[in-house]
Amino acid sequence: MVLLLARSAQTAATPADTRSGAPEEQSTFVRSSSGAVSNIATLPLSEQPVPRPEQGIVEKRLSEHRIAVIAGGPGAGKSVLAEMTAHAQGTRDPRDLLWWVNAKTPQHLIESCEEMLLEFGEQPTGDLPMQVRAVLARVETWLVVVDDLSLIHISEPTRLLSI
């Protein structure tokens, strides 16, 4: 299952560069000239994705409800559809943060959160949910893709992102 979450605004402010010496070479995030942050472009997902009609449905659901769930069996194309949606959303409605979260296991989820916190100059502490929510509250517009989410682990990203 893939979960997409979004927050957008009519006028998006450019986020301040709040990094505090995080090593550039260790980050999978890319910062654009406008200050937007994304780790989606660095993912080794699909080189030549084929347009899918489901993308319009996912984008409509995301714009109407700020959340979309893509479910299906292994190899159904959930991650590719989410990647295409994220790229399209980031192009049409630029976001201050496009964040791909690996939620295959609770440990992968923790590592994804720690990496994002470091990108924003925060040292991860014992209260990751509070820290992640604080960063998302500071970032005006964002799109978060939670990939490889199983029903067994659905409470973790839900708790982290307060949904």
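Residues numbered from 1 in each chain as written. Predicted model: local features only at pLDDT ≥ 70, side-chain atom pairs only at ≥ 80, totals over all residues. Heavy atoms only, no water.

### Digging into unusual backbone geometry
To keep things clear, this is the line we draw: Elements are defined by DSSP. Helices are runs of H or I of four residues or more, strands are runs of E of two residues or more, and each kind is numbered from the N terminus. Burial classification: accessible surface area is computed with a 1.4 Å probe over protein chains only, and a residue below 20% of its type maximum counts as buried, one above 50% as exposed, and the rest as partly exposed.
If you check the backbone angles, R66 has positive phi at about 65° while not being a glycine. Tracing the sequence through the fold places R66 in the loop between α1 (54-65) and β4 (67-70). On the accessibility criterion, R66 (49% relative accessible area) is partly exposed.

### Considerations on the pattern of salt bridges
Short version of the rule: The salt bridge definition used is simple: a Lys or Arg side-chain nitrogen within 4 Å of an Asp or Glu carboxyl oxygen.
One pass over the structure, following the stated rule, counts two salt bridges. The shortest N-O distance in the salt bridge between E64 and K60 comes to 3.4 Å. Residue E64 and its partner K60 are located together in helix α1, separated by four residues, close to a single helical turn. Relative accessible area serves as the criterion here: at 48%, E64 is assigned to the partly exposed category.

### Structural notes on the nonpolar core
Rule in force here: For the purposes of this section, nonpolar cores are sets of buried Ala, Val, Leu, Ile, Met, Phe, Trp, Tyr and Cys residues that join through side-chain atoms within 4.5 Å.
Grouped together as the largest cluster of nonpolar side chains are 20 residues, with contacts concentrated most on L97, W99, M116, F120, V132 and V144. Counting only elements with at least two residues in this core, the list comes to β5 (97-102), α3 (106-119), α4 (128-138) and β6 (142-147). Counting residues in hydrophobic clusters, the runner-up holds 12 residues, among them V58, L98, W100 and L143.

### Digging into the environment of P124
Position of P124 among the secondary structure elements: in the loop between α3 and α4. For P124, a relative accessible area of 28% puts it in the partly exposed group. Taking C-alpha positions, P124 is 9.9 Å from E111, a pair spaced 13 residues apart along the chain.

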